[in-house]
Amino acid sequence: MGAIFHLRHYGQATGLDRHDYAQWVLPLQGELQFEMEGRGGRLDLLQGAFVAAGEAHDQMADGPNGFVIVDCAPGVLDDGTQEHLRRQRWLHLPLALRQGLSQVREGRPLPLLLPHLLQFFAPAGSGARMQGLCAAVQVDPGQAWPVARMAGVVGVSESRLHALFQREFGLSPQAWLSACRLRWAKHQLRVSAAPISEIALAAGYSEQSALTRALRRECDQTPAAWRRGADL
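Definitions and cut-offs
Residues numbered from 1 in each chain as written. Predicted model: local features only at pLDDT ≥ 70, side-chain atom pairs only at ≥ 80, totals over all residues. Heavy atoms only, no water. Pairing = 2+ DSSP bridges. Helix = DSSP H or I, 4+ residues; strand = E, 2+ residues; numbered from the N terminus. Axes fitted to C-alpha atoms, helices over the stretch in contact; angles between N-to-C directions. Core = buried A, V, L, I, M, F, W, Y, C linked by side-chain atoms within 4.5 Å. Buried < 20%, exposed > 50% of the residue type's maximum accessible area, 1.4 Å probe, protein only. Contact = heavy atoms within 4.5 Å. Salt bridge = Lys/Arg side-chain N within 4 Å of Asp/Glu carboxyl O. Arc of directions from axis to C-beta. Polar contact = N/O pair within 3.5 Å; in protein donor to acceptor, adjacent residues only side chain to side chain. Parallel < 35°, antiparallel > 145°, perpendicular 65-115°, else oblique. Left-handed = near helix turned anticlockwise from the far one by under 90°.

Draft legend 1. Quick look at the sheet that holds strand S1 (residues 3–8). Taken together, 5 strands build an open sheet; the order of strands is S1-S7-S2-S5-S8 and the sheet is antiparallel. Both outer strands of the open sheet, S1 and strand S8 (90–92), are each paired with one neighbouring strand and no more. Strand after strand, the sheet turns through a mean of 25 degrees between neighbouring axes, direction not considered. Sheet analysis places strand S2 (residues 22–29) next to strand S5 (residues 47–51), joined by 3 bridges and oriented antiparallel.

Pasting the structure below:
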């Protein structure tokens, strides 16, 4: 057995699962609260996840959703690639990959995803430097992340960084950063009892009202309504 593809929909959490094969989780529709080995995050159309063989994981969704699951039997991924992906965990999905996944939403057959996944996310893949930057921002999105700093992490000029973001993600660096911060804040609102004002500041917003405006723009909800678990 090599790589097997599934299309799945999720509801309430069913408890921790683990298996002896690695797994990619790639969003098609909706969002998913995802937990891996005690580390939580949120999956949406810009972010997927990689689950290494043997890792405990659980997930929960509370709205319409659909995900492509790629199961990789033992031996499909070499040890170095799997360890690299295990450390990375969260997959910041390139535009080309999102366009390939959109074929599934349109009812067309699944594309040959595994070679593209390895091209984007393997240690020597074309997107390795960008994924490294994205992982650094993911750890602490509330830090100051001006374009100059992000460009320095990647080792390119600011203009080159803009071009790379447009090519890889179809977004400007600022737009990608805004999406990352809002995703992080939405996750914290669901899993943390911290005051909304504290979550807003920790996510990089200047004040709670800035988070409120961003959340209203995306899903027409206030942070308090989102925290209560209203429909996505």
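Now, onward.
Draft legend 2. Here's a closer look at the nonpolar core. Formed by 21 residues in total, the largest nonpolar core has its most connected members in Trp24, Leu26 and Phe121. When residues of this core are traced back to their parent elements, those giving at least two are S2, strand S7 (66–72), helix H2 (95–105) and helix H3 (113–121). Ranked by residue count, the leading element in this core is H3, at 5 residues. With residues up to four places along the chain from it excluded, the contact list for leucine 26 reads Phe67, Val68, Val70, Leu91, Leu93, Leu101, Leu113 and Leu117.

Draft legend 3. Fine view of the pattern of salt bridges. Evaluation of the coordinates by the stated rule reveals 9 salt bridges. Two residues, glutamate 55 and arginine 89, come together in a salt bridge whose shortest N-O distance is 3.0 Å. With glutamate 55 in the loop between S5 and strand S6 (57–60) and arginine 89 in the loop between helix H1 (79–88) and S8, the pair connects residues that are 34 residues apart, well separated along the chain. The pair glutamate 55 / arginine 89 is uniform in exposure class, with both members buried. Residue glutamate 83 is joined to arginine 86 by a salt bridge in which the shortest nitrogen-to-oxygen separation is 2.5 Å. On the criterion of helical spacing, the pair formed by glutamate 83 and arginine 86 is a turn pair, its members being 3 residues apart in helix H1. By relative accessible area, which is 30% here, glutamate 83 ends up partly exposed. One network of salt bridges, in which partners are shared, links Glu31, Arg42, Lys186 and Glu218.

Draft legend 4. Quick look at helix H5 (residues 147–154). Listing the buried residues of H5 in full gives Val147, Met150, Ala151 and Val154. The buried residues of H5 all sit within an arc of 100 degrees when viewed along its axis, so they share a single face. Positive phi appears at glycine 155, one or two residues downstream of H5, with a value of about 85 degrees.

Draft legend 5. A look at the side chain of arginine 89. Given the relative accessible area of 6%, arginine 89 is considered buried. Among the polar contacts listed, one links the side chain of arginine 89 to the backbone oxygen of arginine 86, at a separation of 3.5 Å. Setting aside anything within four residues of it in sequence, one finds arginine 89 in contact with Met36, Glu37, Arg39, Gly48, Ala49, Phe50 and Glu55.

Draft legend 6. Looking closely at the packing of helix H7 (residues 173–191) against helix H8 (residues 196–203). The geometry of H7 relative to H8 is characterised by a closest axis approach of 9 Å and an angle of 150 degrees between their N-to-C directions. The pairing of H7 with H8 is recorded here as roughly antiparallel in orientation. Pair H7 / H8 crosses with right-handed handedness. Two secondary-structure elements touch here, H7 through Arg181, Trp184, Ala185, Gln188 and Leu189 and H8 through Ile196, Ile199, Ala202 and Ala203.

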